[in-house]
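Here is what each chain is made of, one letter per residue.
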2 protein chains.
Amino acid sequence: MSAGDLIHSLIAYPCKRGVRSLFSYEILVFTLMLETTGPDFSRAELIPVIAQDAENGDVLMMAWMNQEAYEETLRTGKVVYYSRSRKKLWRKGEESGNVQELKALYFDCDADTLLVKVHQIGGAACHEGFRSCFFRRVDPSTRSVTVEGDRVFDPKEVYRKS
Amino acid sequence: MSAGDLIHSLIAYPCKRGVRSLFSYEILVFTLMLETTGPDFSRAELIPVIAQDAENGDVLMMAWMNQEAYEETLRTGKVVYYSRSRKKLWRKGEESGNVQELKALYFDCDADTLLVKVHQIGGAACHEGFRSCFFRRVDPSTRSVTVEGDRVFDPKEVYRKS
């Protein structure tokens, strides 16, 4: 059921119940609308965002969005983050060309984390040239680290100084 | 190449180069060890952790670990988070029984985010009874929200007050 369907069916409800139950009904609608409208930027200015490859399910990276980045992502269909180090919007791929096309967007049960499923242009999300930023695996017993996955591009070639 | 192999080959290196290059060699080893030993808790006490279903690749949830939670996770093979609201270790599943068995652990290129691939006992990671916490999908054009996925359990049955 979509939020629209839900609200529509709720609007019909008090007509059957009469005026007496209107107040508790309004609280219910308000709660449900809060729950179902999207991520809650009122509690935190920046919300963590997990980017997942829509085709093969690989987790590509984690970054952050503010309200503006979220709105632009939905409007343009290209994923925009907020760079905490540069303190400004980060239109992923603006330098490398490796943009992320938005395929689906989810928010979690606490409305404080986002999941975007993307088509990763160029095949690599990581600035080090790997498909995923999570290319270092820790062995729990030895603590040794192995690199999984191949480099898709050479960062020196992609991020040239002009 | 594992971190162990890397360090072993580096130990052999200055014997060939002589004492003069030892200082720069030590800086190199130190940098590589920093890079390859695991997540960096010195910059942030809490590190975000993405939990992914090892079998089907679903992103299940996002939570946080401190150094203690990380160490216990590696030692026990069961995922332990740090609860920011309760301000203590959160042994996932300690109440519901829905523990997460660790199958693989990765850290990202900045060493400030973790990815754990898990076997989710009970089939559901979300306290609302869904397989994944990301069960609400936003339609970019209408902003309507749809629920994807079925409830695996009824939270009222699992989290009973004793």
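What counts, and where the lines are drawn
Residues numbered from 1 in each chain as written. Chains lettered and ligands numbered in written order. Predicted model: local features only at pLDDT ≥ 70, side-chain atom pairs only at ≥ 80, totals over all residues. Heavy atoms only, no water. Phe/Tyr/Trp six-rings, centres within 6.5 Å; stacked < 30°, edge-to-face > 60°. Buried < 20%, exposed > 50% of the residue type's maximum accessible area, 1.4 Å probe, protein only. Helix = DSSP H or I, 4+ residues; strand = E, 2+ residues; numbered from the N terminus. Least-squares fit on C-alpha atoms with pLDDT ≥ 70 in both. Contact = heavy atoms within 4.5 Å. Buried area = accessible area lost by both parts, 1.4 Å probe. Salt bridge = Lys/Arg side-chain N within 4 Å of Asp/Glu carboxyl O. Polar contact = N/O pair within 3.5 Å; in protein donor to acceptor, adjacent residues only side chain to side chain. Pairing = 2+ DSSP bridges. Axes fitted to C-alpha atoms, helices over the stretch in contact; angles between N-to-C directions. pLDDT = per-residue confidence, 0-100.

We now examine the packing of aromatic side chains. Aromatic ring pairs are defined here through the distance separating the ring centres and the angle between the ring planes. Residues and elements named next belong to chain A. Under the definition given, this model contains six aromatic pairs over all chains. Aromatic pair phenylalanine 130 and phenylalanine 135: ring centres 3.8 Å apart, planes at 15°, arrangement stacked. Summarising the burial analysis for this pair, phenylalanine 130 and phenylalanine 135 share the class buried.

With that settled, the discussion passes to helix α3 (residues 67–76) of chain A. Along α3(A), the residues classified as buried are A:Ala69, A:Tyr70, A:Glu72, A:Thr73 and A:Leu74. Just downstream of α3(A), A:Gly77 is the residue with a positive phi angle, here 75°.

Here the focus is the relation of the copies chain B and chain A. There are two copies of the chain, and a rotation about an axis plus a shift along that axis relates them. Expressed as a screw transformation, the operator carrying chain B onto chain A has a rotation angle of 180° and an axial translation of 0.0 Å, and the superposed copies differ by an RMSD of 0.0 Å. Both copies are brought into coincidence by an operation consistent with a two-fold rotation axis. Among all residues of chain B, the one whose C-alpha sits closest to the rotation axis is B:Gly57, at a distance of 2.8 Å. Taken together, the interface assignments show that 98% of the residues at the interface of chain B recur at the interface of chain A, consistent with an identical surface on both copies.

Listed per partner, the contact involves 47 residues of chain B and 46 residues of chain A. Between chain B and chain A, a total of about 3800 Å² is buried, with carbon and sulfur atoms accounting for 60% of that surface. Counting across the chain B and chain A interface gives two salt bridges. Across the salt bridge formed by B:Glu71 and A:Arg143, the nearest N and O atoms sit 2.6 Å from each other. Applying the counting rule to chain B against chain A returns twelve residue pairs in polar contact (both at pLDDT 80 or more).

Moving on, we come to the sheet that holds strand β7 (residues 136–138) of chain A. If you trace the six strands from one edge of the open sheet to the other, you get β8(A)-β7(A)-β5(B)-β6(B)-β1(B)-β2(B), paired in mixed fashion. Two strands close off the open sheet at either side, each with one partner strand: β8 (145–147) of chain A together with β2 (59–65) of chain B. The average undirected angle you get between the axes of adjacent strands in this sheet is 30°.

What follows is about the environment of A:Val49. Residue and element names in this part refer to chain A. Position of valine 49 among the secondary structure elements: in strand β1 (residues 47–53). Taking the C-alpha atoms as reference points, valine 49 and valine 116, separated by 67 residues in sequence, lie 7.1 Å from one another. Residues within four places of valine 49 in sequence aside, it is in contact with Met61, Met62, Ala63, Trp64, Met65, Tyr81, Leu114 and Val116.

Residues and elements named next belong to chain A. Of all residues in chain A, 75% attain a pLDDT of 70 or more, and the chain-wide mean is 84. When the criterion is pLDDT under 50, residues 1–8 qualifies, and its contacts beyond four places in sequence or with other chains add up to eleven contacts. Note that pLDDT drops below 50 for residues 10–20; the model gives that stretch eight contacts with residues more than four away or on any other chain.

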